[in-house]
Amino acid sequence: PPNIDLRYIISPINGTVRLSEKDPINTKIALITVSDKDTDVNGKVICFIEKDVPFHLKAVYDNQYLLETSALLDYEGTKEYNFKIVASDSGKPSLNQTALVRVRIEDENDNPPIFSQPVIELTVKENNKRDLFLTTIIATDEDSGKNAEIVYQLGPNASFFDLDRKTGQLTA
């Protein structure tokens, strides 16, 4: 059967390559060398990725390929990819060898917070008591972890109002 020699350019951690969703298209992940001890047609090896993922193999030499990203990666869409690289010889019957590649996408702060209501109109009676609850402002962020944490604050012309930085509660 063919042989696959997978040499990572980006060092895996516990067998998993970590990429940022900010990494550009054509980010190089590994150099793959395929070989077969057979001669002539039986020793001719083709190499391909087993399923549809945002990665491709770029031929470098007759038996070498670069594994690269083929699209921008989006953590919010897919957090991890597991796929096989297949080396197949041209013999009858064809013999195959596979190598498993694991890629984990790391989240970046690439999504802005979105308010549930872009405009909030309120009527407030004058001479109200201090700390009168008016409403709760709600925003969400598609990012994860610390990148999804939202801190609320008012602009400079809101001196009669207070806004809780964590809960979004607006008081007068």
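Heads up: these notes are all about the structure in this document. Since the model is a prediction, treat every value here as computed from it, not as a measurement.

Under the definition given, this model contains four salt bridges. Residue D162 pairs with R130 through a salt bridge whose shortest N-O separation is 3.6 Å. With D162 in strand β12 (residues 162–163) and R130 in the loop between β9 (114–115) and β10 (133–136), this pair connects stretches of sequence that are 32 residues apart. Among the residues examined, R130 registers a relative accessible area of 62% and is labelled exposed.

Locating S20 in the fold gives a position in strand β2 (residues 17–20). Side chain to side chain, S20 and E108 meet in a polar contact 2.7 Å long. If near-sequence neighbours (up to four positions away) are discounted, S20 is found in contact with L73, I105, E106 and E108.

Each neighbour pair has its own omega, and for K92 with P93 the value is 0 degrees, a cis peptide bond. Within the secondary structure, P93 sits in the loop between β7 (80–89) and β8 (96–106). Positive phi, close to 50 degrees, is recorded for N14, a residue that is not glycine. Residue placement: N14 occurs in the loop between β1 (3–8) and β2. You can call N14 exposed: its relative accessible area is 74%. Here the phi dihedral of N127 falls at roughly 60 degrees; this positive angle occurs in a residue that is not glycine.

Moving on, we come to the sheet that holds strand β4 (residues 45–49). Strand order in the open sheet formed by four strands is β2-β8-β7-β4, and the pairing between neighbours is mixed. Looking along the sheet, the strands with just one partner apiece sit at the ends: β2 and β4. Within the sheet, the average angular offset between the axes of one strand and its neighbour, ignoring direction, is 25 degrees. One ladder, built from five bridges, connects β4 with β7; its direction is antiparallel. What sits directly across from F48, in β7, is V86.

Turning to the environment of I137, a few remarks are in order. Position of I137 relative to the elements: it lies in the loop between β10 and β11 (139–140). The sequence separation of I137 and L170 amounts to 33 residues, and the corresponding C-alpha distance is 7.1 Å. Other than its neighbours up to four places away in sequence, I137 contacts F115, I120, Y152, L163, T167 and G168.

Okay, the sheet that holds β10 next. Read from one edge to the other, the open sheet built from three strands follows the order β10-β13-β12, with strand pairing classed as antiparallel. Because the sheet does not close on itself, it has two edges, and the strands there are β10 and β12.

Attention now goes to the nonpolar core. In summary, soluble globular proteins display a tendency toward joint burial of nonpolar side chains. Counting residues in hydrophobic clusters, the biggest one holds 25 residues, and the most contacted among them are I32, F55, L67, F83, I85 and V103. Breaking this core down by element, the ones donating at least two residues are β2, β3 (28–35), β4, β5 (55–61), β6 (64–69), β7 and β8. Residues L134, A139, I150 and Y152 belong to the second largest nonpolar core, which totals eight residues.

Reading the values: the criteria
Residues numbered from 1 in each chain as written. Predicted model: local features only at pLDDT ≥ 70, side-chain atom pairs only at ≥ 80, totals over all residues. Heavy atoms only, no water. Salt bridge = Lys/Arg side-chain N within 4 Å of Asp/Glu carboxyl O. Helix = DSSP H or I, 4+ residues; strand = E, 2+ residues; numbered from the N terminus. Buried < 20%, exposed > 50% of the residue type's maximum accessible area, 1.4 Å probe, protein only. Polar contact = N/O pair within 3.5 Å; in protein donor to acceptor, adjacent residues only side chain to side chain. Contact = heavy atoms within 4.5 Å. Pairing = 2+ DSSP bridges. Axes fitted to C-alpha atoms, helices over the stretch in contact; angles between N-to-C directions. Core = buried A, V, L, I, M, F, W, Y, C linked by side-chain atoms within 4.5 Å.

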